[in-house]
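The primary structure of each chain is shown beneath.
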Amino acid sequence: MDITRLIQRIPKAELHLHIEGTLEPEMMMALARRNEIELPYSNVDEIRDAYDFSNLQSFLDVYYAGARVLREEQDFFELTRAYLERAAEDNVCHVEIFFDPQTHTERDIEFATVVDGIDRALRDGRSRLGITFRLIMCFLRHLSAEDAMATLEAALPFKDKIDAVGLDSSELGHPPSRFTEVFNRARDEGFLTVAHAGEEGPPAYIREALDLLNVERIDHGVRCLEDPDLVARLVEEQVPLTVCPLSNVKLCVFDSLEQHNLKQLLQHGLCVTVNSDDPSYFGGYIGENYRRTQEALELSEDDIYTLAKNAFVASFLGDTEKQRYISELDQAMTSP
Ligand code: HPA
Ligand code: ZN
């Protein structure tokens, strides 16, 4: 079968997606108008022109500025609904999405406004589109551990809506070790844990995320290849890496998609997955990430199967649901 068609038709899970990073320029303009917020752009072309990044920080500055248009519960609902509709077009059947409460609470938006809007859209997406979900709350690592702890405490009344905690934002200079106590508390409260590590930061940050934060998955993790002992451990423990190829190129982690190390990661036997990170800012949703990476690295059908299967294995679904999705994937691989 044509591999592009195969990529389109296989059921997919997305495990690394910042909901604020799905804010398309059209919605940014519309919400700015509705909420009477001044933007430094006068049209969508100017917004897109600003998406020319040299590193993670240059992106984060634009991304946090864009998120200012999100104010009401309905805004978070519409943002998440639009993402799910777009994901359904790529045959995504399961999502585990991040949100950054501190980006909003520091602008005096209530925690409940954010979580309730996202959760309402996730439940709506499950009933209308059949997309199952988990929700992951990320702490902004450029802020203090005390801020993160206060955010965790604010989240406790919403435990039934939040499955896991994560760690994102500016990586360099903000090692996982600073958040050990917060992650211990989160685990004691019953949350699963993940962390961004080894995107721009060194392999030592991946080790800290594993040893000190006890995470179930590493978000990005592409710099692990600089440390062979770490690679051996990640393979042995089958620690999932949620890799985001188009993001890595847009943020200059790799010079081009052809230079991306995803195929090497696969060849080492690592549990690699493909994800879109902040698709509105990085030029493609998950299908585009699969297609462009397949083309650039000449991935085989087997590689595509492994990537898609890994995402179900690495998900926070129960075993029965994982098996059901993997059976659907197997069928999509073989049926004419
Ligand atoms: N890295 C760190 N923080 C982020 C990212 C990312 O790729 N996207 C949104 N917040
Ligand atoms: Zn990310």
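Before any of the text, the structure's been laid out above.
Structural notes, computed from the coordinates.

In the vicinity of ligand 1, the contacting residues are His18, Leu56, Phe59, Leu60, Tyr63, Asp168, Ser169, His196, Glu199, His220, Asp277 and Asp278. Take Asp278: an N or O atom from its side chain is 2.7 Å from a nitrogen atom of ligand 1. For ligand 1, the protein covers 100% of the area, taking 260 Å² as the surface of the free molecule. For the shell around ligand 1, the element with the highest residue contribution is helix α4 (residues 56-66), accounting for four residues. Among the residues forming the shell around ligand 1, the class breakdown is four nonpolar, four polar and four charged.

Here we come to unusual backbone geometry. Working note: non-glycine residues mostly have negative phi, and peptide bonds are mostly trans. The backbone phi angle of Gln238 is positive, close to 50 degrees, even though this residue is not glycine. On the secondary structure map, Gln238 appears in the loop between α11 (228-236) and β7 (240-243). The partly exposed category is assigned to Gln238, whose relative accessible area is 39%. Of note in the backbone geometry, Asp277 takes a positive phi value of approximately 65 degrees without being a glycine. In this structure, Asp277 sits in the loop between β8 (271-274) and α14 (279-282). Assessed through its relative accessible area of 3%, Asp277 is described here as buried.

Let us now look at the nonpolar core. Judged by nonpolar contacts, the single largest core of 110 residues is most densely connected at Phe99 and Ile162. Apart from the residues lying within four places of it in its own chain, the contact partners of Phe99 are Ile19, Glu20, Phe111, Val114, Val115, Ile118, Leu135, Ile136, Met137, Cys138 and Ile162. Among the nonpolar cores identified, the runner-up in size contains six residues, and Ile136, Ala164, Val194 and Phe316 belong to it.

Turning our attention to a negative patch on the surface. A surface patch of like charges, here negative, comprises Asp45, Glu46, Asp49 and Asp52. For Glu46, the location among the structural elements is in helix α3 (residues 44-49).

Procedures and definitions
- Residues numbered from 1 in each chain as written.
- Chains lettered and ligands numbered in written order.
- Predicted model: local features only at pLDDT ≥ 70, side-chain atom pairs only at ≥ 80, totals over all residues.
- Heavy atoms only, no water.
- Near = heavy atom within 4 Å.
- Polar contact = N/O pair within 3.5 Å; in protein donor to acceptor, adjacent residues only side chain to side chain.
- Areas by Shrake-Rupley, 256 points an atom, 1.4 Å probe, with all protein chains shown as cover.
- Helix = DSSP H or I, 4+ residues; strand = E, 2+ residues; numbered from the N terminus.
- Nonpolar A, V, L, I, M, F, W, Y, C, P; charged D, E, K, R; others polar.
- Buried < 20%, exposed > 50% of the residue type's maximum accessible area, 1.4 Å probe, protein only.
- Core = buried A, V, L, I, M, F, W, Y, C linked by side-chain atoms within 4.5 Å.
- Contact = heavy atoms within 4.5 Å.
- Patch = residues over 30% accessible without salt bridge, like charges linked within 9 Å, V, L, I, M, F, W, Y side chains within 5 Å.
- Salt bridge = Lys/Arg side-chain N within 4 Å of Asp/Glu carboxyl O.
- Lys, Arg positive; Asp, Glu negative; His and termini not counted.
- Charge placed at Lys NZ, Arg CZ, Asp CG, Glu CD.

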